[in-house]
Amino acid sequence: MNTSLKSFNTFGIQANAKRITVVESVNELAGAWADAISNKQPAMILGEGSNVLFLSDFDGTVIVNRIKGIEVTEQDDAWLLHIGAGENWHQLVEKTLQRGIPGLENLALIPGCAGSAPIQNIGAYGVEIKQVCQYVDCIDLNSGQALRLDSEQCQFGYRESIFKRADYKHYAIVAVGLRLTKAWQPVLTYGSLTQLDPKTVSAQKIFDCVCEMRRSKLPDPKVNGNAGSFFKNPVIATEQAQALFAHYSNVPHYLQPDGQVKLAAGWLIDQCQLKGYRMGGAAVHRQQALVIINEDNASSEDIVALAHYIRQQVGNKFNVWLEPEVRFIGTNQEVNALEAIA
Ligand SMILES: Cc1cc2nc3c(=O)[nH]c(=O)nc-3n(C[C@H](O)[C@H](O)[C@H](O)COP(=O)(O)OP(=O)(O)OC[C@H]3O[C@@H](n4cnc5c(N)ncnc54)[C@H](O)[C@@H]3O)c2cc1C
């Protein structure tokens, strides 16, 4: 049996699991989990592995979620989508546009499964999934109970949701419900999108533009393994931001509704002259400093050492301490990524 996780994580890290099981239904998923537990083995669920770093071999069962199916219900004012958690996110975006359903175009080309999208409330180019997510269907793997969380219960935040909490780690997401309004409004606040005319632009045009920007800026994991943004954009208190701006007047920043200030982690890293900086087989991407790439057979130790170095450099220069967006997986379970690089 092939138990290499290399093709199951976009970093392309070589690690093994005791067992890898691909599941296509809720029953298969629950069964695979129950099997692992009855054999006293750790288990974890994986989508497309585009937001994880395997620190070591996984001493148990990796359950790869491929629960498929897209159901569309049309209402007077919206389309309601019920999506199997194992559907590929980007293909979903394409399919909705082909059916004349706008609303997901800014989130084109984000790797991973639809069911993983609510976990860190995926976002790009001014849109987050929380704006269209109506519900998330889960099963509690300990009790087998099915439950539906509405958008509010998901407690979405910037790259956050209830599904990241320790007491929700035994919930498997099996489907996601989206509501895409017919009163569609283009979101043109970022990058080349600002050049488009809001009166005439189509969702397809935005999709094309987003794909072009992403392809030109972000490394393709098939060429250089990576997990997208390695760090979250830091959100700091107003007073800290003012102290920072007193020293550096040109820091790109975004005021948050609660008065805090979001900074661009990529810019902070770039200011430390780290683009292209390499440790072992891992390197800071040359076009986008927020991305760590597996340049040449990197080990997870190389990536952790580089992430630690970046965090120290940025922290020492700006007194802003970056936190990983990527989830770290240890021998038995997820481990605290911040502690691993601190
Ligand atoms: C090139 C690149 C660009 C990216 N760009 C963006 C971006 O613009 N915006 C953004 O927000 N993210 C981005 N990401 C990150 C990534 O695409 C998202 O986090 C994505 O939602 C991860 O999906 P996945 O299926 O690969 O999750 P995985 O990496 O497989 O899993 C992530 C975590 O969720 C858990 N999990 C997975 N499936 C389930 C389930 N069904 N039930 C319960 N737990 C589960 C896993 O155990 C793991 O802890 C990017 C990544 C890459 C490689």
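All figures in this text were calculated on a predicted structure; none of them were measured in a lab. (Residues numbered from 1 in each chain as written. Predicted model: local features only at pLDDT ≥ 70, side-chain atom pairs only at ≥ 80, totals over all residues. Heavy atoms only, no water.)

## Describing the domain arrangement of the protein chain
According to the domain assignment, the protein chain consists of domain 1 (6-65), domain 2 (70-216) and domain 3 (220-341). Inter-centroid distance (C-alpha atoms) of domain 1 to domain 3 is 27 Å. Contacts between domain 1 and domain 3 engage 17 residues on the former and 23 residues on the latter. Here domain 1 meets domain 3 over a buried area of about 1600 Å², counting both sides, of which 59% is carbon and sulfur. Considering only the side of domain 1, the residues that lose the most area to domain 3 are Phe11, Leu53 and Leu55, jointly responsible for 42% of the buried surface there. For the interface between domain 1 and domain 3, the tally reads zero salt bridges. At the boundary of domain 1 and domain 3, one finds ten residue pairs in polar contact (both at pLDDT 80 or more). Elements with a contribution of two residues or more to the side of domain 1 that touches domain 3: strand E3 (52-54) and strand E4 (58-65). The greatest single-element share of the side of domain 1 that touches domain 3, amounting to three residues, is contributed by E3. In terms of residue class, the side of domain 1 that touches domain 3 is made up of nine nonpolar, five polar and three charged. (Domains from an automatic or database assignment. Contact = heavy atoms within 4.5 Å. Buried area = accessible area lost by both parts, 1.4 Å probe. Salt bridge = Lys/Arg side-chain N within 4 Å of Asp/Glu carboxyl O. Polar contact = N/O pair within 3.5 Å; in protein donor to acceptor, adjacent residues only side chain to side chain. Helix = DSSP H or I, 4+ residues; strand = E, 2+ residues; numbered from the N terminus. Nonpolar A, V, L, I, M, F, W, Y, C, P; charged D, E, K, R; others polar.)

## Quick notes on the sheet that holds strand E9 (residues 133-140)
Ordered in space as E5-E6-E11-E9-E10, the five strands form an open sheet in which the pairing is antiparallel. Two strands in the sheet have a free side with no partner beyond their single neighbour: strand E5 (70-74) and strand E10 (146-150). In this sheet, neighbouring strand axes are inclined to one another by 20° on average, regardless of whether the strands run parallel or antiparallel. Here seven bridges tie strand E6 (residues 78-84) to strand E11 (residues 171-181), and the two strands are oriented antiparallel to one another. Opposite alanine 78, over in E11, you have threonine 181 as the bridge partner. (Pairing = 2+ DSSP bridges. Axes fitted to C-alpha atoms, helices over the stretch in contact; angles between N-to-C directions.)

## A look at the site of the ligand
Looking at the ligand, there are 33 residues lining it, with Ile45, Gly47, Ser50, Pro111 and Ser116 nearest. In this structure, proline 111 approaches the ligand through a main-chain N or O atom, which is 2.7 Å from an oxygen atom. Isoleucine 173 has a polar backbone atom sitting 2.9 Å from a nitrogen atom of the ligand. In isolation the ligand exposes 990 Å². Once the protein is present, 93% of that is buried. Mapped by element, the contributors of at least two residues to the shell around the ligand are strand E2 (43-46), strand E7 (123-124), E11 and strand E12 (225-229). A class-by-class count of the residues in the shell around the ligand yields 16 nonpolar, twelve polar and five charged. (Near = heavy atom within 4 Å. Areas by Shrake-Rupley, 256 points an atom, 1.4 Å probe, with all protein chains shown as cover.)

## Observations concerning the pattern of salt bridges
As enumerated under the stated definition, the model contains 14 salt bridges in all. Put simply, arginine 327 and glutamate 334 hold a salt bridge, and the shortest N to O gap is 2.7 Å. What emerges from the salt-bridge pattern is a single network uniting Arg278, Arg286, Glu295 and Asp296.

## What to know about the nonpolar core
Counting residues in each nonpolar core, the largest one holds 46 residues, and the members touching the most others are Trp89, Leu104, Ile129, Phe163, Leu178 and Leu193. Looking at this core, the elements with two or more residues in it are E6, helix H2 (89-98), E9, E11 and helix H3 (203-217). Per-element tally for this core: the top contributor is H3, with seven residues. What isoleucine 129 contacts, discounting residues up to four positions off in sequence, is Trp89, Leu107, Ala117, Pro118, Asn121, Ile122 and Leu178. Leu244, Val261, Ala298 and Leu322 belong to the second-largest nonpolar core, a separate cluster that totals 38 residues. (Core = buried A, V, L, I, M, F, W, Y, C linked by side-chain atoms within 4.5 Å. Buried < 20%, exposed > 50% of the residue type's maximum accessible area, 1.4 Å probe, protein only.)

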